[in-house]
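# Coordinate analysis (summary)
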Amino acid sequence: MNDSKLYELAQMISEWPGLVSGPAQVLVDDSLVLLDHLGSANSVVDVGSGGGLPGLPLKIARPELKVTLVESDQAKAAFLVRACAALGLDEVEVLARRAEEVGQDRRFRETFDVAVARALAPMRVLVELCLPLVRVGGRLLAQKTEHEDVDGAAHAIEILGGSLSQVVAAPSDARRAGTVVIIDKVHATPVTYPRRAGIPARKPL
């Protein structure tokens, strides 16, 4: 693993105002708990990437991954472009768009082996923003804590073509009660999902 690049990423994040709310190095390390759950994935989409977490640490640790970072905030998306250039990361695409729009774009819909998300939204909302991007046979990895109401998202997961696989304890310095919620994509997502921008958050499934 390229520890120097992980450190450089943390430094860049800490120097860019408003990206994260905690110590950058701790948050970068927290992203790496997903490595054990990527399996043989070739393509990863990070939804609501913010400062590139967890997508960029995963790319640094697994350079062969093709990574797409979805971040609607233009300033944060600009940081992601700059960080990828500074770190010399190839095969990383930054989409400065809403996840709801990307999920309905034929170029991206149901094309990724794995979707990842950290601090994006409650599970009922998160699955609508992420599962439409995952191919059947792929999986969603959501970084949460043991306090997350995963059972309350069961209906949304089923509607969107997912099946809850397991919730794995994944403590880190950033989140002592950290978990990884693993959802398998077992059926195609109905074409009506994701709904228009803002609706998933206002009216969760």
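Up top you'll find the structure we're talking about.
Remember, predicted model here, so these are calculated numbers, not experimental data.

About the thresholds
- Residues numbered from 1 in each chain as written.
- Predicted model: local features only at pLDDT ≥ 70, side-chain atom pairs only at ≥ 80, totals over all residues.
- Heavy atoms only, no water.
- Helix = DSSP H or I, 4+ residues; strand = E, 2+ residues; numbered from the N terminus.
- Expected span 1.5 Å × (residues − 1).
- Buried < 20%, exposed > 50% of the residue type's maximum accessible area, 1.4 Å probe, protein only.
- Arc of directions from axis to C-beta.
- Contact = heavy atoms within 4.5 Å.
- Polar contact = N/O pair within 3.5 Å; in protein donor to acceptor, adjacent residues only side chain to side chain.
- Salt bridge = Lys/Arg side-chain N within 4 Å of Asp/Glu carboxyl O.

Attention now moves to helix 4 (residues 74–87). Each full turn of the α-helix corresponds to 3.6 residues, which orients residues three or four apart in the same direction. For helix 4, with 14 residues, the first-to-last C-alpha span of 20 Å sits near the 20 Å given by 1.5 Å per residue. Taken together, the buried positions of helix 4 are Ala77, Phe79, Leu80, Ala83, Cys84 and Leu87. Taken down its axis, helix 4 places every buried residue within 155 degrees of arc, on the same side. In helix 4, those exposed residues whose orientation departs by more than 90 degrees from the buried face are Gln74, Arg82 and Ala85. Residues of helix 4 that are buried in the fold lie against helix 1 (3–15), helix 3 (55–61), strand 2 (66–70) and strand 3 (92–95). The backbone nitrogen of alanine 75 has a side-chain oxygen 3.0 Å away, supplied by the residue at the start of helix 4, namely aspartate 73.

Further remarks concern the pattern of salt bridges. Following the criterion strictly, the structure yields 14 salt bridges and no others. Between lysine 185 and glutamate 110 there is a salt bridge, with the nearest N and O atoms lying 2.9 Å from each other. A residue pair is termed long-range when its members are at least 10 positions apart, and lysine 185 in strand 7 (residues 178–185) and glutamate 110 in the loop between helix 5 (99–103) and strand 4 (112–118) qualify at 75 residues. For lysine 185, a relative accessible area of 2% gives the class buried.

It is worth spelling out unusual backbone geometry at this point. For the bond from leucine 53 to proline 54, the omega torsion is 10 degrees, close enough to zero to count as cis. Structurally, proline 54 is set in the loop between strand 1 (43–47) and helix 3. Its identity as a non-glycine residue notwithstanding, glutamate 110 has a phi of 50 degrees, on the positive side. Positive phi values are uncommon outside glycine, yet alanine 119 reaches one of about 55 degrees. Looking at the secondary structure, you find alanine 119 in the loop between strand 4 and helix 6 (123–130).

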